[in-house]
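# Working through the structure, step by step
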Amino acid sequence: MGHPGSSAWDQDNGREDEGVDMNAQERPPAVIVGVDGRPAAHAALLWATEVAARRGERLRIVHGLETPMVTGTYSGTERHQADERAREAGRRLLDESVEHARALRPELEVATVLASEGAPEVLLDEARHGDLIVVGSRGLGAIRAIMLGSVSVRTSAHAPCPVIVVPETATQHRGRIVVGVDGSESSRRALRFALRHALLVDASVEVVNSWEVPLPQDSESQATDARSLHEEVFDRQSEEIVAGVLAEVIDDETEDLDISAVRMQSDPVKALLDAGREAELIVVGSRGRGGVRGLVMGSTSQEVLRQARVPVAVLPPHSEETGQGP
């Protein structure tokens, strides 16, 4: 088990690391969780602790101070004292978080990071390809910042690894991962992650594909036959999509996993939420569009995040790249 070492506040980058025994660029994959003292973040910490232990990876607990720039009426001494109080509060929060993690998983290696940036910035700064970012659910604002970045974050704005959002009321379920596929590249990325994660945590995978049959613009006498024909066509297309994606993504390492498929005529959001009601994780892809319309996810991913009562993993476009972050 790793033990925190000495630490010092780096005035140049506003960062304090404990328990870090190697350059961040060279460290092995880790589960990175942000804490801020709120119940949602505590739920994320508990979930991240369990998953880090099951994956056999280090847990990195981070806290961003997001210290405001104080000018004018405050002297340098007063500003320094206010900053030091904030850092002390951050250190206490991190120490308490480490205690919670080790109470659950004494064998777990734990490192902490205290930084002057806000939560999205420090999470992005810490994350590397191969990591997992875990955050508590506080609506879509937090994940929007992590997925899209902001002008204050380095130019690589997108998260380089999966982002997992844990609801405050999440219950620990084990054994089944649900992933939505629709034949797109983003859903292939989601399936690849779901399979690899299932290998590490010893879980089964349930692949979900759904469709909605459009109502025919015919008279009542023709509607029944037309709808039946539409259903057959969509069902056949669904079968082909699922079989094609599985054949493309499954490899020698994942072929022995317990994999099942659910195909249904349903709204995609409802299908995923129903299938994932007692899953340990729902996995969705992102299309990488973003811009003024909001998240880099489609409407299905956004609605699943809003409504899910279990953790949801979102796969950013760059999450499968190899090598270290910039």
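Residues numbered from 1 in each chain as written. Predicted model: local features only at pLDDT ≥ 70, side-chain atom pairs only at ≥ 80, totals over all residues. Heavy atoms only, no water.

### Focus on the nonpolar core
As a reminder of what qualifies: Residues grouped as a nonpolar core are buried Ala, Val, Leu, Ile, Met, Phe, Trp, Tyr and Cys residues, joined through side-chain atoms within 4.5 Å. Categorising residues by exposure relies on relative accessible area from a 1.4 Å probe, with only protein chains included: less than 20% of the type maximum marks a residue as buried, more than 50% marks it as exposed, and the intermediate range marks it as partly exposed. Under the DSSP-based scheme used, a helix requires at least four consecutive residues in state H or I and a strand at least two consecutive residues in state E, with every element numbered from the N terminus. Contact definition: two residues touch when any of their heavy atoms are within 4.5 Å.
In this structure, Leu59, Ile61, Val134, Leu191 and Val283 are the most contacted members of the largest nonpolar core, which totals 47 residues. No other element matches helix 1 (residues 39–55), which puts eight residues into this core. Setting aside residues up to four positions removed in sequence, Ile61 forms contacts with Val33, Val35, Leu45, Leu94, Ser97, Val98, Val110, Ala111, Thr112 and Val113. Core analysis: the next-biggest nonpolar cluster, separate from the first, contains 30 residues, Val269, Ala275, Val284 and Val304 among them.

### Side note on the pairing of strand 10 (residues 281–285)
Cut-off, in case you're wondering: By this definition, two strands are paired if DSSP reports at least two bridges between them.
Most of strand 10 is tucked away: five of the five residues are buried. Here strand 10 shows a buried face lined by Leu281, Val283 and Gly285 and a second buried face lined by Ile282 and Val284. Of the strand pairs in this sheet, strand 7 (residues 176–180) and strand 10 are connected by three bridges, and their pairing is parallel. Across the sheet, the residue bridging to Val179 is Val283, located in strand 10. As judged from the four bridges shared by strand 10 and strand 11 (residues 312–315), these two strands associate in the parallel manner.

### Observations concerning the pairing of strand 4 (residues 110–115)
Judged by how many residues are buried, strand 4 sits mostly within the fold: six of six residues are covered. Neither face of strand 4 is open: one carries Val110, Thr112 and Leu114, the other Ala111, Val113 and Ala115, and all of them are buried. Sheet topology note: the strand 1 (residues 15–18)/strand 4 ladder contains four bridges and is antiparallel. What sits directly across from Asp17, in strand 4, is Val113. Here six bridges tie strand 3 (residues 58–64) to strand 4, and the two strands are oriented parallel to one another. If you follow Arg60 over to strand 4, its bridge partner there is Ala111.

So, to be careful, I would describe these as geometric facts and stop short of saying anything about function.
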